[in-house]
Amino acid sequence: MDGDRIIVKKILLMGNPNNGKSVVFNRLTGADVIISNYPGTTVDFTQGKMRIDEEDMMVMDVPGTYSLDAGDKAERVAVKMLKDGDIVVNVVDATNLEKSLNLTVQLLKKKTPMIIALNFWDETKHKGIAIDFQKLEEILGVPCIPICAVTGEGIKKLTERLKEAKISKFSYEDKEKWHVIGDIIGQVQKLSHRHHTFMERLGDISTIPLFGIPLALVILFFTFKIIRFIGEGLIGYVFEPVFEKLWSPLLLKFSAVLGSDGLIHDVLIGKLIEGKIDYGQSFGLLTTGLFVPIGAVLPYVFAFYIILSVLEDCGYLPRLAVLVDGLMHRLGIHGLAIIPMMLGLGCNVPGILSTRILATRRERFIAATLLSIAVPCAALQAMVVGLMGKHMVFGLSVVYGTLFVVWVVLGILMDRLVSGTSPEIFIEIPPYRRPYLTDLLKKIWIRMKWFIKEAIPFVLLGVFIVNILYTLGIIQFVGKYTAPVVSGIFGLPKEAIGALLVGFLRKDVAVGMLAPLALNLKQLIIASVVLTMYFPCIATFSILIKELGFVDMLKASAIMIASALIVGGMLNLIL
């Protein structure tokens, strides 16, 4: 206590990526956590509160880093945060002690009170690793506590000994660092022979293309099956009934109060279709504006976050990143960009948001542009499948084949034309582990809160702007003058213009509007490809502005429009 001001200590959780640090964080804090951007960067960190002996403490989950040499953006943020911390909890992977000690000994030289948590203590027994943690504590001069964050073993002991965190007297010459680490390992660790488990063998083959690619295809197939099942189930059995049976009657009464017409009515309620609210076509802020982010996007985001969290916690995502790293580098991005692409197949909005994991602005621009152009969301894919009907096999092959070629070619072109650098990102591949249900649910909850806070306000703003443009007749004006392009270059009937305009708001509804036009197979393919490529839906467009900035959004939009015109025209000539 300083006068009337309560001093809240800052506890920094620091360690290598994929060492269970976030699970330790979840164990120490409650459900009320905040994900923030470190000032001046797009690097995220999570913070929450804990209470020990009637004292409030702020716990900060620092971005994972392998050293304090500040080689990439995450490491630079970690070094800056270290300056503001009162206590450092260094979370160490006990199954890979030598690698983890590289960061540990660097932290000790920073002279901040420190305590070491030896995580994955249960796995050391299975791997034939014996660590004398008391000897390690004696050598390093700070408390060392064995823990298993997944089960909670040792967490109570860790919190009890937090007050024992202290500045170490341990020192070494920088040029002798690895000799010193080797000497420590020799004193505290003993290894015994053991046979590899099935999960370890599976982990080894997951990154070998011959076995890893078929495994990845199987996992992705079931991933999207599950996502579609959960997403469509939530929409059909929860969100649509709530909007139709509970929200629509209230809005119709409100519509009557507003006189069922006029500028305010059109902005808030939108156009009534045969006296009813159509959430796909009304375009009101309280109708389509709410339904798009909540009723149409949120279910798929929720489903994708479930699968993403499972794949992440079991240790598969780093392996997938390594598997596709060679291809991704040819597109000017890192293997980790596969995560935004996967998210985009569920919904482009969280896909764009997750490009923050990439190190440079150049990588984020390339990844976000590729995602917006050539990665169709789950709702759009479902409508395209239904639209193809009896032509499903051939039609979908051409549509997805075209989008994949566009994705690769555009990536190669942008890699050569977009200025900047795409540095290598070194990732550690953890062993396969069984996801811990409590931590999994908390991670999903945190991500959903983040999505609602980050995305939905911008989607509503975007829908509001579109409503104004629609009400003022600007969108109809644009549609009138783009008719020659639609009919001439794409070979589509004039009636398809309405679907393309609606596609700016919701792509899946736009595809549905093509069904009554009796298009032939060639036109169905062209319409599906162009709708995917030409411009993102308003939800994605809003997030693009937020993440890339207005200037880069305009550049990305120009690439989208040009690509759609070229590819649509080529398909019209070839098919």
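Here, every reference points to the structure presented above.
Residues numbered from 1 in each chain as written. Predicted model: local features only at pLDDT ≥ 70, side-chain atom pairs only at ≥ 80, totals over all residues. Heavy atoms only, no water.

Right, let's get into the pairing of strand E1 (residues 9-14). The pairing of E1 with strand E4 (residues 55-61) spans five bridges and is classified as parallel. Bridge assignment links Leu12 to a residue of E4, and that residue is Met60. With four bridges joining them, E1 and strand E5 (residues 87-93) adopt parallel strand pairing. What sits directly across from Met14, in E5, is Asn90. (Pairing = 2+ DSSP bridges. Helix = DSSP H or I, 4+ residues; strand = E, 2+ residues; numbered from the N terminus.)

For the rest of this paragraph, the subject is the packing of helix H18 (residues 392-417) against helix H27 (residues 550-574). Closest axis-to-axis distance for the H18/H27 pair is 12 Å, and the angle between their directions is 135 degrees. Accordingly, the angle class assigned to the pair H18 and H27 is oblique. Taken as a pair, H18 and H27 cross one another with a handedness that is right-handed. Only Ile559, Ser563, Val567 and Leu571 of H27 make contact with H18, whose side of the interface consists of Thr402, Val406, Leu410 and Met414. Among the residues forming the contact of H18 with H27, the class breakdown is six nonpolar, two polar and no charged. (Axes fitted to C-alpha atoms, helices over the stretch in contact; angles between N-to-C directions. Parallel < 35°, antiparallel > 145°, perpendicular 65-115°, else oblique. Left-handed = near helix turned anticlockwise from the far one by under 90°. Contact = heavy atoms within 4.5 Å. Nonpolar A, V, L, I, M, F, W, Y, C, P; charged D, E, K, R; others polar.)

Once that is clear, we can look at the layout of surface pockets. Space inside the second largest pocket adds up to approximately 1,200 Å³. Leu220, Phe224, Leu345, Gln381 and Tyr400 are, among the 30 residues lining the second largest pocket, the residues nearest its centre. Contributing elements (two or more residues each) for the lining of the second largest pocket: helix H9 (209-257), helix H12 (316-323), helix H13 (325-330), helix H14 (338-346), helix H17 (378-388) and H18. In terms of residues, the lining of the second largest pocket owes the most to one element, H9, which gives nine residues. For the lining of the second largest pocket, the class distribution of residues is 26 nonpolar, two polar and two charged. (1 Å grid on protein atoms, 1.4 Å probe; cavity = no way out; pocket = protein on both sides within 12 Å on 5 of 7 lines; lining within 4 Å. Points joined across faces, edges and corners; volume = space filled by probe spheres on them.)

This part takes up a positive patch on the surface. Positive charge collects at one region of the surface, where Arg76, Lys80, Lys83 and Lys110 lie side by side. Looking at where Lys110 falls in the secondary structure, it is placed in the loop between helix H3 (97-108) and strand E6 (114-119). You can call Lys110 partly exposed: its relative accessible area is 44%. (Patch = residues over 30% accessible without salt bridge, like charges linked within 9 Å, V, L, I, M, F, W, Y side chains within 5 Å. Areas by Shrake-Rupley, 256 points an atom, 1.4 Å probe, with all protein chains shown as cover. Salt bridge = Lys/Arg side-chain N within 4 Å of Asp/Glu carboxyl O. Lys, Arg positive; Asp, Glu negative; His and termini not counted. Charge placed at Lys NZ, Arg CZ, Asp CG, Glu CD. Buried < 20%, exposed > 50% of the residue type's maximum accessible area, 1.4 Å probe, protein only.)

This part is about helix H16 (residues 361-374). Spanning 14 residues, H16 covers 20 Å between terminal C-alpha atoms, matching the ideal 20 Å at 1.5 Å per step. Among the 14 residues of H16, 13 are classified as buried, and the element is accordingly described as predominantly covered. (Expected span 1.5 Å × (residues − 1).)

What follows deals with the nonpolar core. Grouped burial of nonpolar side chains is what soluble globular proteins tend to show. Within the largest apolar cluster, 105 residues are counted, with the highest numbers of intra-cluster contacts made by Leu320, Ile333, Met341, Leu370 and Phe451. A total of twelve residues in this core trace back to one element, the largest contributor, which is helix H11 (residues 288-314). Contacts of Leu370, omitting those with residues within four sequence positions, involve Leu331, Ile333, Met341, Val375, Trp407, Leu410, Gly411 and Met414. (Core = buried A, V, L, I, M, F, W, Y, C linked by side-chain atoms within 4.5 Å.)

By the secondary structure assignment, Gly395 is in helix H18. The class of Gly395 is buried, set by a relative accessible area of 0%. When the C-alpha atoms of Gly395 and Val385 are compared, they prove to be 8.9 Å apart, with ten residues separating the residues in sequence. Beyond its immediate sequence surroundings of up to four residues, Gly395 is in contact with Met388, Leu521 and Ile525.

Moving on, we come to the packing of aromatic side chains. Within the structure shown, the criterion is met by five aromatic pairs. A cation sits over an aromatic face here: Lys109 above Tyr172, 4.5 Å from the ring centre. (Phe/Tyr/Trp six-rings, centres within 6.5 Å; stacked < 30°, edge-to-face > 60°. Lys NZ or Arg CZ within 6 Å of the ring centre and 35° of its normal.)

With respect to burial, helix H26 (residues 538-548) is a largely interior element, nine of its eleven residues being buried. Residues of H26 that are buried: Ile538, Ala539, Thr540, Phe541, Ser542, Ile543, Leu544, Glu547 and Leu548. Gly549 sits one or two residues past H26 and shows a positive phi near 90 degrees.

What follows covers the packing of H18 against helix H25 (residues 521-533). Direction vectors running N to C along H18 and H25 enclose 35 degrees, while the axes themselves pass 10 Å from each other. In the crossing of H18 with H25, the sense of the turn from one axis to the other is right-handed. Residues Phe394, Gly395, Val398, Val399, Thr402, Leu403 and Val406 of H18 pack against Leu521, Ile525, Ser528, Val529, Thr532 and Met533 of H25. Of the residues in the contact of H18 with H25, the class split is nine nonpolar, four polar and no charged.

What follows concerns unusual backbone geometry. Even without a glycine there, the phi angle at Ser260 is positive, about 60 degrees. Relative to the assigned elements, Ser260 resides in the loop between H9 and helix H10 (263-268). Of note, Glu274 is a non-glycine position whose phi angle comes to about 55 degrees, a positive value. Tracing the chain through its elements places Glu274 in the loop between H10 and H11.

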